[in-house]
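Notes for the structure review
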Amino acid sequence: MQPVDTKKCGYAVLAIALCMVVFAGEYFVYYSDTFEYDVDVQWNKDSIDYQVESSGSDVYDAVLLDNNGKASVTELAIYVNESYSKYYDEANETTRIPYNNQDYFASQILIALDNRGFDDGFKCDSSELCEYVRSTLDNPVGCGILVTSYSLPAEIYSGSEDDILIQWIKAGGTLYWTGSVIGEFCVDGDGLHEIQDSQDLFFGKECVYTGSEAVATQVVNNGFTEALSLKTGNLSFGLCLDSIDGALGLGFEGEGVSTIGMVPLGSGFICVFSGEYDIDLIDDMGQVISAGITPETVVMEHHVGTVTRSIESGSFEEYGESSHVYIYIGGTYTKFGEAFYGSM
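These remarks concern the structure in this document. The numbers attached to residues start from 1 for each chain and follow its sequence in the written order. Given that this is a predicted model, residues contribute local features only at a pLDDT of at least 70 and side-chain atom pairs are listed and counted only at 80 or more, while totals for whole chains, interfaces and linings are drawn from all residues. By convention in this description, side-chain values take in all heavy atoms of the structure and omit both hydrogens and water.

Here's the deal with the layout of surface pockets
What counts is decided by this rule: For cavity detection a 1 Å grid was placed over the protein atoms alone, and a set of points counts as a cavity when a 1.4 Å probe fits there but cannot get out; an open set counts as a pocket when protein lies on both sides within 12 Å along at least five of seven lines, with lining residues being those that have an atom within 4 Å of a point. Grid points are joined across faces, edges and corners, and a volume is the space filled by probe spheres set on the points. Only DSSP runs of H or I with at least four residues qualify as helices, and only runs of E with at least two residues qualify as strands; both kinds are numbered from the N terminus onward. Residues are grouped as follows: nonpolar covers Ala, Val, Leu, Ile, Met, Phe, Trp, Tyr, Cys and Pro; charged covers Asp, Glu, Lys and Arg; every other residue, Gly included, is treated as polar.
Considered as a void within the structure, the second largest pocket measures approximately 160 Å³ in volume. Lining of the second largest pocket is provided by 13 residues; of these, Val73, Thr74, Gly117, Phe118 and Tyr341 occupy positions nearest its centre. Mapped onto the lining of the second largest pocket, the elements with two or more residues apiece are helix 8 (279-290) and strand 17 (336-341). Tallied by class, the residues present in the lining of the second largest pocket amount to five nonpolar, four polar and four charged.

Section: the packing of aromatic side chains
Put simply, the test is: Aromatic rings from Phe, Tyr and Trp, taking only the six-membered ring of Trp, are treated as a pair when their centres fall within 6.5 Å; an angle between ring planes under 30 degrees marks them as stacked, one over 60 as edge-to-face, and anything in between as tilted. Exposure is judged per residue with a 1.4 Å probe applied to protein chains only, and the accessible area is read against the type maximum: over 50% gives exposed, under 20% gives buried, and values in between give partly exposed. Cation placement over rings: the criterion is NZ of Lys or CZ of Arg within 6 Å of the ring centroid and within 35° of the ring normal.
Evaluation of the coordinates by the stated rule reveals 16 aromatic pairs. When the centroid spacing of 5.0 Å and the interplanar angle of 75° are considered together, the rings of phenylalanine 105 and tyrosine 277 count as edge-to-face. One end of the pair, phenylalanine 105, is in helix 3 (residues 102-115); the other, tyrosine 277, is in the loop between strand 14 (268-273) and helix 8, and 172 residues separate them in sequence. In this structure, phenylalanine 105 and tyrosine 277 share a single accessibility class: buried. Each ring, one from tyrosine 176 and one from phenylalanine 269, has its centre 6.4 Å from the other, and the planes form 90°; the classification is edge-to-face. Taken as a pair, tyrosine 176 in strand 7 (residues 174-178) and phenylalanine 269 in strand 14 lie far apart in primary sequence, 93 residues in all. Judged by its relative accessible area of 1%, phenylalanine 269 is buried. When the ring centre of tyrosine 333 is taken as reference, the NZ or CZ atom of lysine 231 above it lies at 5.7 Å.

Here it is, written out as structure tokens:
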């Protein structure tokens, strides 16, 4: 047996200890509730003035947005499909679908939204989702549904233009989708059913990317990626928005596919997030939903600053009647944020 080199062992133990200290420090910085944050916005006659406060030292972003009259989503139902595991293998035989722990992922999204000042989100199962769609059908403006499952209840969606869900979107509702081909399956008492031409129903053409080469190569050049610190570069199940009227791409792109794609449908819209079920996807969802982005939204102005145990102030001097402000602290590692809507 070779003698133990105690000197090398000591170095190894020291290295492990240092790694643990670094990890603990990063965790403390990014996830601790020790620090306090606050933001405020005031609409004045000639400007929109804002203040950013932090008890630590942080970067902040103040973004002036304009929806051009389109209403932002103000409440969100997150669908937790209770039959997800039951039919997953069957659905996965048709199109490769990354497995998603429905309840856990929904919980993480709710945390990301809450950190950004969006606190009107909730989970719902199949029956609750159907009830939500029916109860808001008369006026779904400002209502959103987030689907991280590969299927929907046939009670509201079975692949027909007359489906309640389609009518709900056309009346002003918003459908967010991720992780699979939109609308490819529905479920009823007889099991899982594949729906042909589901993409045509939502977008008027086949445009969902299902290829194997799934890495974006460039930034979508419209200001949103930088303004919202968007991160996902995986193109899986993203949208190719070419020749779709009124569509808006955000984030990153490659081969014509955007990591975030918004498409109008009637008075409402659909937003598809590409990528795997990871922290980057959760953060991008948190940013886009909390910031109130719609297909009509434009970035009017973007300020970046640093606040260190103080209050920093700034102003936007040119804005429109439908402008709003989204401020967030922490940059890529967003810790706190809030959107503000108002007028003089």
